[in-house]
Amino acid sequence: MLQHFLTTILSKLAVRKTIEDYEKNQRENIGTLKPPKFVLVVGIVSMVIWAMLMFLVLIFSKDVTTVLVCAVVFGSMFALGLFLVLYERNFMATYRDGIIIYRNIFRITRKYACHDIEHAYYKDRGGIQFVFKDGRKLSFDKEESYFYKEIVKREHLSCRFKGEENPVIKVYLHPFLMYPCWTFGGGMLIFSIWEPGLLLFAILVLLFCLVCQLSKTTYDKERKILTRMRCGFSKQFDMKYCLAKPVYENGFIMTIEIYENKKKVGKIPVSVEYKNRARLIRALCRIDV
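None of these values were measured; they are calculated from a predicted model. (Residues numbered from 1 in each chain as written. Predicted model: local features only at pLDDT ≥ 70, side-chain atom pairs only at ≥ 80, totals over all residues. Heavy atoms only, no water.)

Right, let's talk about the sheet that holds strand E10 (residues 216–220) for a bit. Read across the open sheet, the 5 strands follow the order E12-E11-E10-E9-E16; overall the sheet is antiparallel. For this open sheet the edge positions go to strand E12 (233–238) and strand E16 (274–275), each flanked by a neighbour on one side alone. By the bridge criterion, 6 bridges tie strand E11 (residues 225–230) to E12 in an arrangement that is antiparallel. Bridging from a neighbouring strand, Ile225 pairs with Asp238 of E12. Relative to the sheet, helix H7 (residues 277–285) contacts strand E9 (168–173), E10, E11 and E16, its axis offset from that of E9 by approximately 130°. (Pairing = 2+ DSSP bridges. Helix = DSSP H or I, 4+ residues; strand = E, 2+ residues; numbered from the N terminus. Contact = heavy atoms within 4.5 Å. Axes fitted to C-alpha atoms, helices over the stretch in contact; angles between N-to-C directions.)

As structure tokens, then:
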């Protein structure tokens, strides 16, 4: 339930809004990619909240160690908010007449000629990576599909996964998502040494992280065995006798439903927060994402 709640919240706040904004952007200005405005709002709100918390710690805490620990934890969260602000303000990519102009969060701008694309690789979580003849690489995420699919179509590119595919696919919450959760829980646990009232909250956060970490899906393509593990308990599906059906939400495949004898026997989460989701979808549903 906790993992489903996390996935639902992230999907509602990030995926749906991102899709809507990118769709609007592409309708109004085909060939231009910019972050949605809500990224700026989230970044500013995040910076304000963590700055206020740090200010309160400085006022009410006289313990140097507590101040240092909070400075590290709150400072990291503040830096993340600053990154979102810079990303929304500075990032932009355009595609015109076979040329990609890419500007990063530091406003450093580079040009790429599409006829120099040597390989186009699918990314594990969705999205694509272009590799050019001079060795340069340019990546776009799944949420930016309205941009890069136009390039793939107009430049007649063929895409594939990089290297040989591992016969066993492991799908789990991406480390970049779990890292701040573990950091926050660990920071609260340390902080509870001086503020015992936070101990229960810290333990709940760490248990929540552990539940998410132990929930994963593996698929053995050679044996055609799909295994879904939740909280340490696993359930297997023999895909030689089962059918996998993708379930779309807001243009994304968010889950895969498993049917046996026309009866639904399981559901596998494959939302954008999961690593290797694209490989699993491709293997089970025979479609590219």
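Across all of its chains, the model carries 8 aromatic pairs by this definition. Between Phe83 and Tyr87 the ring centres are 6.3 Å apart and the planes differ by 10°, which places this aromatic pair in the stacked class. With Phe83 and Tyr87 both in helix H3 (residues 64–90) and 4 residues apart, this pair spans about one turn of that helix. Since its relative accessible area comes to 40%, Phe83 is described here as partly exposed. Taking relative accessible area as the criterion, Tyr87 reaches 19% and is therefore assigned buried. (Phe/Tyr/Trp six-rings, centres within 6.5 Å; stacked < 30°, edge-to-face > 60°. Buried < 20%, exposed > 50% of the residue type's maximum accessible area, 1.4 Å probe, protein only.)

This part covers H3. Its 27 residues place the ends of H3 37 Å apart at the C-alpha level, agreeing with the 39 Å of an ideal helix rising 1.5 Å per residue. Every buried residue belonging to H3 is among Thr66, Val67, Val69, Cys70, Val73, Phe74, Met77, Gly81, Val85, Tyr87, Glu88 and Asn90, and all of these are buried. (Expected span 1.5 Å × (residues − 1).)

With that out of the way, let us pick up the environment of Arg107. Structurally, Arg107 is set in the loop between strand E3 (99–103) and strand E4 (109–113). Along the sequence, Arg107 and Arg89 sit 18 residues apart, while their C-alpha atoms lie 9.3 Å from each other. Every residue in contact with Arg107, bar those within four places of it in the chain, is listed here: Arg89 and Asn90. A distance of 3.0 Å separates the side chain of Arg107 from the side chain of Asn90, its partner in a polar contact. (Polar contact = N/O pair within 3.5 Å; in protein donor to acceptor, adjacent residues only side chain to side chain.)

In globular proteins that are soluble, nonpolar side chains generally tend to be buried together. Leu226, Met239, Ile256, Ile258, Leu280 and Leu284 are the most contacted members of the largest nonpolar core, which totals 26 residues. Breaking this core down by element, the ones donating at least two residues are E9, helix H5 (175–191), helix H6 (199–214), strand E14 (252–260) and H7. Examining the composition of this core, we find that 5 residues originate from one element, H7, more than from any other. Each residue touching Ile256, except ones within four places of it in the same chain, is listed here: Ala244, Lys245, Gly266, Lys267, Ile268, Val270, Ile281, Leu284 and Cys285. Judged by nonpolar contacts, the second largest core, of 24 residues, contains Cys114, Ala120, Phe130 and Phe147. (Core = buried A, V, L, I, M, F, W, Y, C linked by side-chain atoms within 4.5 Å.)

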